[in-house]
Amino acid sequence: MLGALGNRTIGRSGWIWVAAFSLLTGSIPLPAAASVPAPVVAAVPAATVSLAGALSIDWPVRVRTTANLNLRTGASTAYRILAQIPKGTSVPVSGRASNGWYKVSYNGYTGYVSDYYVVASTVRTLDDLNLRTGPSTSYRILLSIPKGKSVPAYARASNGWYKVSYAGYTGWVSGSYVTSYPKPPSAPQSTGPNRTSRVVLTFDDCPRTLSSFTSVVDYAASSNIGLVIAPTGDCLGSFKSRYGVDLAALARAKGQWVINHSVSHPDLRPLSCQQAGAQLGGSGVHANFGRPPYGAIDGSVRCGYDSRGMAIWTWSRDTRDWDVKSKSITVSRASAALPGDTVLMHMQWYGFSPDALRQIKANLGARSVGVCRAYRGSDGTGAVVRTPVLLPSSLPC
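Residues numbered from 1 in each chain as written. Predicted model: local features only at pLDDT ≥ 70, side-chain atom pairs only at ≥ 80, totals over all residues. Heavy atoms only, no water.

Asks: Would you mind going over unusual backbone geometry in detail, with residue names and values included?
Replies: Even without glycine at this site, Asn107 takes up a positive phi of about 55 degrees. Turning to its location among the elements, Asn107 is positioned in the loop between β7 (102–106) and β8 (109–113). (Helix = DSSP H or I, 4+ residues; strand = E, 2+ residues; numbered from the N terminus.)

Asks: Break down the nonpolar core for me, citing the residues and quoting the values.
Replies: Membership of the largest hydrophobic core comes to 33 residues, with the highest contact counts inside it found for Leu201, Phe203, Phe213, Leu227, Ile229 and Leu357. Elements supplying a minimum of two residues to this core: β17 (200–205), α1 (210–222), β18 (227–231), α2 (233–243), α3 (247–253), α7 (327–335), β23 (342–346) and α8 (354–366). Those residues in contact with Phe213 that lie beyond four places of it in its chain are Pro207, Ile229, Leu247, Leu250, Ala251, Met347 and Phe352. (Core = buried A, V, L, I, M, F, W, Y, C linked by side-chain atoms within 4.5 Å. Buried < 20%, exposed > 50% of the residue type's maximum accessible area, 1.4 Å probe, protein only. Contact = heavy atoms within 4.5 Å.)

Asks: I'd like to hear about the sheet that holds β17, residue by residue, with values.
Replies: Within the open sheet, the 5 strands sit side by side as β19-β18-β17-β23-β22. Their pairing is parallel. Only two strands of the sheet have a single partner each, and these edge strands are β19 (257–258) and β22 (317–318). Sheet topology note: the β18/β19 ladder contains 2 bridges and is parallel. In the strand pairing of β19, Ile229 is matched with Val258. (Pairing = 2+ DSSP bridges.)

Asks: Which residues make up the pattern of salt bridges, and what are the values?
Replies: Overall, the coordinates contain 10 salt bridges when judged by the stated rule. The residue Lys254 makes a salt bridge to Asp218 at a minimum N-O spacing of 3.2 Å. Placement of the pair is Lys254 in the loop between α3 and β19 and Asp218 in helix α1, with a sequence separation of 36 residues. The partner of Arg358 in a salt bridge is Asp355, and the shortest N-O contact between them spans 2.6 Å. Here Arg358 and its partner Asp355 are both found in helix α8, 3 residues apart, which amounts to about one turn of the helix. A relative accessible area of 29% means that Asp355 is categorised as partly exposed. (Salt bridge = Lys/Arg side-chain N within 4 Å of Asp/Glu carboxyl O.)

Asks: Before we move on, can you summarise the side chain of Thr387 with the specific residues and values?
Replies: Its location among the elements puts Thr387 in the segment after α8. Of the polar contacts made by the side chain of Thr387, one reaches the backbone oxygen of Gln256; its length is 2.7 Å. Sequence-distant contacts of Thr387, defined by excluding residues within four places in its chain, comprise Arg252, Gly255, Gln256, Trp257 and Tyr375. (Polar contact = N/O pair within 3.5 Å; in protein donor to acceptor, adjacent residues only side chain to side chain.)

Asks: Go over the state of the cysteines, please, and point to the residues and values.
Replies: Covalent bonding between the sulfur atoms of two cysteines defines a disulfide. For the structure on display, the rule yields 3 disulfides. Across the disulfide from Cys206 sits Cys235; the S-S distance is 2.2 Å. Judged by the sign of its S-S torsion, about 75 degrees, the bond between Cys206 and Cys235 is right-handed. Of this pair, Cys206 sits in the loop between β17 and α1 while Cys235 sits in helix α2, and the two are 29 residues apart along the sequence. Since its relative accessible area comes to 22%, Cys206 is described here as partly exposed. On the basis of relative accessibility, which here comes to 3%, the residue Cys235 falls in the buried class. Between Cys372 and Cys397 runs a disulfide, and the two sulfur atoms are separated by 2.0 Å. Torsion about the S-S bond of the Cys372 and Cys397 cystine: about -85 degrees, corresponding to left-handed handedness. (Disulfide = S-S within 2.5 Å.)

Structure (structure tokens):
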């Protein structure tokens, strides 16, 4: 993977620098609005924003919110609220106003947040990575930072290298081989975070129509079935453009889980770690689990998912619904699932309908095998509620 490219100890280098402020720490076979205000500091006059300059950035690459925090159109509480960023969310920083407010991006919006309620993030190495005295491979190596280490990041140079600290040294590392995303959850690849004996029914790609999608998620919620939906970013963008509907948000509102399935569904294996990571961002689902297109995985793909803080979740039972194009066969194959299985189907084929779900659940039940239940909160009781964006380490099926 990265090491094979010559950077495991001395070949891959970069630089990371630190600010002088307090730092807290697929499926188918190959080819084929303002919210409730959060705490804010007292209003201050509007401020201009300093833009990044080479080797002169004095703000962190990413910041993490310490409270539910309003994202505003300008750098004071006098400006309009664009959205509310949940507590604990890490967001990218593109500038800092003279009064200390950060310019950040979140959920498709770019605006400002008070520096009073954010702390600097860390970065994590994606391979054994050289720490150098300056921001390029021409600088002297100080030491090698092991793969998977989280280190404080203080600043970013114009070429993408970061200034960081490790083992008493401060130097620079290449931004191509570090990430500010947290370490992915630990879970079995084929069954993901389902640690129960219940069967998880999963659907990839894109529904044929909005009505077919809403009918399925409505039926699943009313029938206490918890699905895992894996739409592509292109799919989400298409439905937002045509109908103004966010399919991921709609599914979550009905107690269903949503994971990443790339932006445009390419085979990720020919891509570099950085390119694969880009395919998992953008308009795609931003979650902590994802499914590679075609189930195609190699070292570079794993690195790409790692770079986005996502664990890979494939499947343990494939209905091959794309191949048989038969509702009865798809239902039969899904109904043969064993306890704990993750079943693969697709939103554009015949398993994705209320009647198919009804039959699958009934058939499994006849064998005393349950399906994952719609989300009712961590205690599993009460009414169906919205699922969180980040899946828990153990799915409450």
